[in-house]
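Analysis of the macromolecular model
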Amino acid sequence: MHSETQAAPLEEVLKSDWGGGKSPFGVSWGKLMMWLFILSDAFTFGGLLAGYGALRVTVGKWPDTNEIFAISLGGTKVPLLLIAIMTFILVSSSGWMALAVNAAYQRDRRNTVKYLLLVILFGLTFLSCQAYEWSKLIFHEGVRPWRVPSHPPFNGIVQFGACFFTLTGFHGLHVLSGVIYLSVIAARVAKGVYDRRGSYEAVEIAGLYWHFVDLVWVFIFTFFYLF
Amino acid sequence: MSVVAQAEHKHDLRRTYLTVWFWLFVLSFGLYFVDLMHLPTALATILYTAIALMKAGLIAAYFMHLRFERLNLVYSILFPLILLIALVAAVLPDGLSVLLHRQPFFEGR
């Protein structure tokens, strides 16, 4: 199929790929379905981020996120420190996930489980940071999705509360689902389910989901926290 | 899956993964750095968007193996994402017009 040196006419290519009896995408159905889910999920987050952008534009002046998410370190306030740490935790977890998939390619059961457990651990750490951040904003600052304090840095801009809880809540829910999903996969790898099946592809498919959750965080981190 | 992709799949990709991982850390730090620099909004927006897209591209291409998949799959996933631009283009002007209506009442703030 790829060995022809001369480009075939378009009709020929379409016929050869879509004429039946072939796999046009060259992947298993499980992987294709995960990709289609990811595509639809990209639109979910795209819609939320676009909505956030539109809401933010309507109020003109947005609360200073550098100040809201600052953490005191030895007396000095470091802007966005917790969020930066959370970003590094999530990027790290994605790296461990890549290594888990790599071990799965080699059908290395021990290492696959080891790296998957590291991903789960990092995912749980991320969620703990988020729980801390949420409880700080809710219980100490009095921020709600429908109400924010009228003093600086919030200045009564209620759209901030709505966007913050919706965006980070949706993403956090995805991380939580990912942790549960990966725990199930890790248990099945440990039990040898995929050795018996002769394919470790389930690990790779779970990896697609986890990397996507990391990918979404890139945009939330950039456009909600930094911007 | 092309012959090349199949050969590469059997390969040990650890080196590639670690390189990508390293660059993801560098780019994340770059994003944080742009924030600390307090650049003019237009410049910061361009830098944020460019670095975020680079990070997303690295994750999708290498960690999610999109680079090693058939073009049929790659195009089926990437082309619909162009609609996200339309989504933003559709709602941002609406927000802007709301701002223009509100602005006269913002004097006290």
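Before reading on, note that the structure itself is shown above.
Every chain is numbered on its own, with residues counted from 1 as its sequence reads. The lettering of chains begins at A and the numbering of ligands begins at 1, in the order of writing. Where totals are concerned, whole chains, interfaces and linings use all residues; where local detail is concerned, this predicted model gives features only for residues with pLDDT of at least 70, and gives and counts side-chain atom pairs only at 80 or more. Heavy atoms from the whole structure form the basis of all side-chain values; hydrogens and water molecules are not counted.

This part covers the overall build of chain B. A run of DSSP states H or I qualifies as a helix once it reaches four residues; a run of E qualifies as a strand once it reaches two. Both are numbered from the N-terminal end. Counting secondary structure elements, chain B contains five helices and zero strands. Across chain B, helices and strands are ordered from the amino to the carboxyl terminus as α-α-α-α-α. Counting only residues that meet the buried cut, chain B has 32% of its 109 residues in that class. For every accessible area listed, the method is Shrake-Rupley and the probe measures 1.4 Å; residues are considered covered only by the protein chains on display. Accessible surface for chain B amounts to roughly 6,800 Å². Of this, 73% is attributable to carbon and sulfur atoms. A simple rule labels every residue: compare its accessible area, found with a 1.4 Å probe on the protein chains alone, to the largest value its type can have, and call it buried under 20%, exposed over 50%, or partly exposed in between.

Below, the discussion takes up the overall build of chain A. Of regular secondary structure, chain A possesses eight helices and two strands. In sequence order, chain A lays out its α and β elements as α-α-α-β-β-α-α-α-α-α. Here the C-alpha atoms of chain A give a radius of gyration of 22 Å, more than 25% beyond the 17 Å that 2.2 N^0.38 yields for 227 residues. If one aligns the C-alpha atoms of chain A with their principal axes, the spans along those axes are about 65 × 45 × 30 Å. When the 227 residues of chain A are sorted by exposure, 53% land in the buried category. Residue pairs in contact within chain A that sit at least 24 positions apart in sequence constitute 71% of those at least 6 positions apart. In the structure as shown, chain A presents an accessible area of about 10,300 Å², 65% of it carried by carbon and sulfur atoms. Under this rule, positive means Lys or Arg and negative means Asp or Glu; His and the chain ends count for nothing. Every charge is mapped to an atom, namely NZ of Lys, CZ of Arg, CG of Asp or CD of Glu. Mean positive and mean negative side-chain charge positions of chain A (17 and 14 charges, respectively) differ by 10 Å. Only C-alpha atoms enter the radius of gyration, while the globule expectation follows 2.2 Å times N to the 0.38, with N the number of residues. Whether two residues are in contact is decided by their heavy atoms: any pair within 4.5 Å suffices.

The next point concerns the environment of Asp108(A). By the secondary structure assignment, Asp108(A) is in the loop between helix H4 (81–105) and helix H5 (109–140). Asp108(A) sits 92 residues away from Tyr200(A) along the chain, and the two C-alpha atoms are 9.5 Å apart.

Frequently, the measure chosen for interface size is the accessible area removed from exposure when the parts meet. On the chain A side, the residues contacting the 53 residues of chain B number 60 residues. Around 4,800 Å² of area is buried between chain B and chain A when both sides are counted, 72% of it from carbon and sulfur atoms. In the sections that follow, a salt bridge refers to a side-chain nitrogen of Lys or Arg positioned within 4 Å of a carboxyl oxygen of Asp or Glu. In this structure, the connection of chain B to chain A is made through one salt bridge. As a salt-bridge pair, Glu69(B) and Lys31(A) come within 2.9 Å of each other at their nearest N and O atoms. Any pair of N or O atoms that falls within 3.5 Å is considered a polar contact. Within protein, one atom must be able to donate a hydrogen and the other to accept it, and sequence-neighbouring residues count only if both atoms are side-chain atoms. Taken together, chain B and chain A are joined by eleven residue pairs in polar contact (both at pLDDT 80 or more). Two parts placed together each lose some accessible area under a 1.4 Å probe, and the buried area is that loss summed for both.

Topologically, Asn72(B) is positioned in helix H4 (residues 71–78). At 2.9 Å, the side chain of Asn72(B) and the backbone oxygen of Pro24(A) are in polar contact. Setting aside chain neighbours within four positions, we find Asn72(B) in contact with Asp17(A), Trp18(A), Pro24(A) and Phe25(A).

Turning to the packing of aromatic side chains, a few remarks are in order. Any Phe, Tyr or Trp ring, taking Trp's six-membered ring, that has another such ring centre within 6.5 Å forms a pair; planes under 30 degrees apart are called stacked, those over 60 apart edge-to-face, and the others tilted. By the definition in use, this model includes 32 aromatic pairs over all chains. Positioned above the aromatic ring of Tyr115(A), the side-chain terminus of Lys114(A) is 5.0 Å from the ring centre. In this scheme, the term charge over a ring applies when either NZ of a lysine or CZ of an arginine sits within 6 Å of the ring centre and within 35 degrees of the ring normal.

All names here are of chain A. Tracing the sequence through the fold places Tyr181 in helix H6 (residues 158–191). Note: C-alpha distance between Tyr181 and Ile120 (61 residues apart in sequence) is 9.6 Å. Not counting the four nearest positions on each side in its chain, Tyr181 is found in contact with Met34, Ile205, Ala206 and Tyr209.

We now examine the nonpolar core. In this structure, Phe69(A), Met97(A), Trp217(A), Phe224(A), Tyr225(A) and Met64(B) are the most contacted members of the largest nonpolar core, which totals 100 residues. The biggest single contributor to this core is helix H8 (residues 201–226) of chain A, with 19 residues. Those residues in contact with Phe224(A) that lie beyond four places of it in its chain are Tyr52(A), Trp62(A), Thr65(A), Phe69(A), Phe160(A), Cys163(A), Phe164(A), Leu167(A) and Phe219(A). In this text, buried Ala, Val, Leu, Ile, Met, Phe, Trp, Tyr and Cys residues form a nonpolar core when linked through side-chain atoms within 4.5 Å.

Quick look at the pattern of salt bridges now. It is possible for side chains bearing opposite charge to pair when their charged atoms get close. Counted by the stated rule, this structure contains three salt bridges over all chains. The salt bridge involving Glu204(A) is made with Lys31(A); its shortest N-O contact spans 2.9 Å. One end of the pair, Glu204(A), is in helix H8; the other, Lys31(A), is in helix H2 (residues 29–59), with 173 residues separating them in the sequence. In terms of burial, Glu204(A) and Lys31(A) fall into one category: buried. The residue Arg109(A) makes a salt bridge to Asp195(A) at a minimum N-O spacing of 3.0 Å. Of this pair, Arg109(A) sits in helix H5 while Asp195(A) sits in helix H7 (residues 193–197); the two residues are 86 residues apart in sequence, bridging distant segments of the chain. Classification of Arg109(A) by relative accessible area gives partly exposed; the value is 37%. Linked through salt bridges whose partners overlap, the residues forming this network are Lys31(A), Glu204(A) and Glu69(B).

Time to look at the packing of H4(A) against H5(A). Residue and element names in this part refer to chain A. The interhelical angle for the contact between H4 and H5, taken along N-to-C directions, is 165°, at an axis separation of 8 Å. Comparing their axes, H5 and H4 come out roughly antiparallel. Two packed elements cross with a definite hand, and for H4 against H5 that hand is left-handed. Grouping the amino acids of the contact of H4 with H5 by side-chain chemistry returns 19 nonpolar, six polar and one charged. Interaxial angle, 0 to 180 degrees, is taken between N-to-C directions of lines fitted to C-alpha atoms, where a helix line uses only the stretch in contact. Note on angle classes: values under 35 degrees are labelled roughly parallel, values over 145 roughly antiparallel, values of 65 to 115 roughly perpendicular, and the remainder oblique. Left-handed describes a crossing in which the near helix is turned anticlockwise from the far one by less than a right angle; the clockwise case is right-handed. Three classes are used, and their members are as follows: Ala, Val, Leu, Ile, Met, Phe, Trp, Tyr, Cys and Pro are nonpolar, Asp, Glu, Lys and Arg are charged, and the others, Gly among them, are polar.

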